[in-house]
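# Structural characterization, general
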Amino acid sequence: MNRELTLLRYGLIVIPALITMHIQEYADYELFTLHLLILLLLVVMEGQLPLAFRALLSGIEMLFTAWLCIQYGPLMIFPAISSLLLYSQLKPRLVPVVFITVHLIALNTAFHSSSQLAIASINLAFLLAACLMVLLHRAKHGQAETLFLYDELRKRHFELDEARTRLQQFAAQVENTAQSEERVRIARQLHDDIGHRLIRVKMMMEAAIHTLPSSPDTGMALMVQIRDQLAASMDDMRAAVRRINYAPQLEGAYALDRLLEETGRDTGIVTSYKVEGMPFQLYPSLQVVLYKNAREAITNGLRHGKATAISIRLGYSPNEVIMEISNNGLVPDDKNRLQSRSGMGLKGMEERTSLVGGTLELRLEPEFTLITRLPVYKHPEIL
């Protein structure tokens, strides 16, 4: 029994006893005090005896409070109700029912000489107290189940957070492995293709040096070939360097920021980036969808809309993350085809978004805007 119920038990015993002593006159108040102390002793023994003796103690207290009702009047019904707080917690459930029945019979026997109104009032008060105890135990049981579910939820939350951390680490390892393989492939390409081409250019340069004095036309033709070979080598070199440096770490807003920065640097268009709300770590699958949708939308805006300005707005909320990509390019004439998501990579973006439970929306005014809405499963930290 918790502290609140224990204090209630003492209150149901002491307060009615004091009121009884004030309004009733007894020949021997010392004997009344002794009986009250005996009842309080039974209450104190409740916390000292093993659980196996609780039923015996409840039976003794139940009969003793019924006897007190015979000796000292109707107000002793409240100490009787206090014993109800004890045996209503006994297991199994049938035991409290038996005790309530026996206790009610004992109380009716104690008050058999009282008026019908007094007996009816006493029975009603006792039954109401019994009903309240049933409701109290149900609420306590529901609270225990709630605490259990809360602990389970907290455990699952920690497990999910740990799994997400492992998934992110695994994704980083996979990405690092892929980058290492790409670097090895690029190094092989530099050695096999560009290296051999440069050797060939060197040999052609030597042939041109010997040919130019005697045959200027042939020498100039060799020089043109050398120029073309060097230009192709430079293009291959730039592509290789770009692949080495291009390693977007999927970190939500930062990846989109770099994507816009690279687009503006390579194409010369005006770009802007805005974040609303409090950013938080997204799952890798959501980061992939946002990044690929943004890249596809930017490519479509440049290629089909001839856009000169592109902006990205990323909004964070507790339930979803919203990415809006707007451009000032031309809107396609066939708007029905556009709304049906056919062509221009829109169908692929919609399928990619739906795989993670998101939606894809189009807004044509005031600018062509592609809106990606993704649900997030971010739970507040559980203490």
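Residues numbered from 1 in each chain as written. Predicted model: local features only at pLDDT ≥ 70, side-chain atom pairs only at ≥ 80, totals over all residues. Heavy atoms only, no water.

Attention now goes to the overall build of the chain. Helix and strand counts for the chain stand at 11 helices and five strands. By the burial criterion, 34% of the 383 residues in the chain qualify as buried. Counting contacts in the chain only where the partners sit at least 6 residues apart, residues at least 24 apart contribute 65% of the total. Looking at the chain as shown, the accessible area adds up to about 23400 Å², and 63% of this sits on carbon and sulfur atoms. (Helix = DSSP H or I, 4+ residues; strand = E, 2+ residues; numbered from the N terminus. Buried < 20%, exposed > 50% of the residue type's maximum accessible area, 1.4 Å probe, protein only. Contact = heavy atoms within 4.5 Å. Areas by Shrake-Rupley, 256 points an atom, 1.4 Å probe, with all protein chains shown as cover.)

Once that is clear, we can look at the UniProt feature "transmembrane region" (unreviewed entry) in the chain. Within this structure's numbering, the places UniProt gives as "transmembrane region" (unreviewed entry) are residues 6-24, 36-57, 63-87, 94-111 and 117-136. Structurally, residues 63-87 comprises 84% helix and 0% strand, and the distance from its first C-alpha atom to its last is 13 Å. Counted over residues 94-111, helix gives 94% and strand 0%. Its end C-alpha atoms are 26 Å apart. (UniProt positions renumbered as here; feature names shortened; annotations may be inferred.)

What follows deals with the packing of helix α1 (residues 3-23) against helix α2 (residues 29-46). The contact between α1 and α2 brings their axes to 11 Å, and the two run at 175 degrees. By the angle between their directions, the pair α1 and α2 is classed as roughly antiparallel. Contacts between α1 and α2 involve Arg9, Tyr10, Ile13, Val14, Ala17, Thr20 and Met21 on the former and, on the latter, Tyr29, Phe32, Leu36, Leu39, Leu40, Val43, Val44 and Glu46. Along the lines of polarity and charge, the residues of the contact of α1 with α2 split into 12 nonpolar, one polar and two charged. (Axes fitted to C-alpha atoms, helices over the stretch in contact; angles between N-to-C directions. Parallel < 35°, antiparallel > 145°, perpendicular 65-115°, else oblique. Nonpolar A, V, L, I, M, F, W, Y, C, P; charged D, E, K, R; others polar.)

Moving on, we get to the pattern of salt bridges. Tallying each qualifying case throughout the model produces 14 salt bridges. Residue Glu206 is joined to Lys202 by a salt bridge in which the shortest nitrogen-to-oxygen separation is 2.8 Å. Residue Glu206 and its partner Lys202 are located together in helix α6 (residues 116-211), separated by four residues, close to a single helical turn. Look at Lys202 and you get exposed, because its relative accessible area is 51%. A salt bridge links Glu276 to Lys274; the shortest N-O distance between them is 3.4 Å. (Salt bridge = Lys/Arg side-chain N within 4 Å of Asp/Glu carboxyl O.)

What follows deals with the packing of helix α4 (residues 77-87) against helix α5 (residues 94-110). Direction vectors running N to C along α4 and α5 enclose 165 degrees, while the axes themselves pass 10 Å from each other. Of the possible angle classes, the one that applies to α4 and α5 is roughly antiparallel. Considering how the two elements wind past one another, α4 and α5 form a crossing that is right-handed. In contact with Ile77, Ala80, Ser83, Leu84 and Tyr87 of α4, α5 contributes Pro96, Phe99, Ile100, His103 and Leu107. The class makeup of the residues in the contact of α4 with α5 is eight nonpolar, two polar and no charged. (Left-handed = near helix turned anticlockwise from the far one by under 90°.)

Let us look at the pairing of strand β3 (residues 320-327). Counting buried positions over the eight residues of β3 gives seven, a clear majority of the element. Sheet analysis places strand β2 (residues 309-316) next to β3, joined by seven bridges and oriented antiparallel. Within the sheet, the bridge partner assigned to Arg313 lies in β3 and is Glu324. Where β2 folds back on β3, the antiparallel hairpin that results is connected by three residues. Alignment of β3 against strand β5 (residues 368-375), held across eight bridges, turns out to be antiparallel. Its bridge partner lying in β5, Ser326 is registered against Thr369. (Pairing = 2+ DSSP bridges.)

Let us look at the sheet that holds β5. The strand order β1-β2-β3-β5-β4 describes an open sheet built from five strands, whose pairing is mixed. In the strand order of this sheet, the two ends are held by β1 (270-276) and β4 (359-363), each with one partner. Neighbour-to-neighbour, the strand axes of the sheet open up by a mean angle of 15 degrees, direction not taken into account. Lying over the sheet, helix α11 (residues 346-355) contacts β4 and β5, oriented at roughly 140 degrees with respect to β4.

Within the secondary structure, Thr65 is located in helix α3 (residues 54-72). If near-sequence neighbours (up to four positions away) are discounted, Thr65 is found in contact with Leu39, Met76, Pro79, Ala80, Ser83 and His103.

Here the focus is α3. Owing to its 3.6 residues per turn, the α-helix brings residues three or four apart onto one side. Its 19 residues give α3 an end-to-end C-alpha distance of 26 Å, which sits within 8% of 27 Å, the value for a rise of 1.5 Å per residue. Within α3, the full set of buried residues consists of Arg54, Leu57, Ser58, Gly59, Glu61, Met62, Phe64, Thr65, Ala66, Leu68, Cys69 and Tyr72. Buried residues in α3 make contact with α1, α2, α4 and α5. At the C-terminal side of α3, Gly73 shows a positive phi close to 100 degrees. (Expected span 1.5 Å × (residues − 1).)

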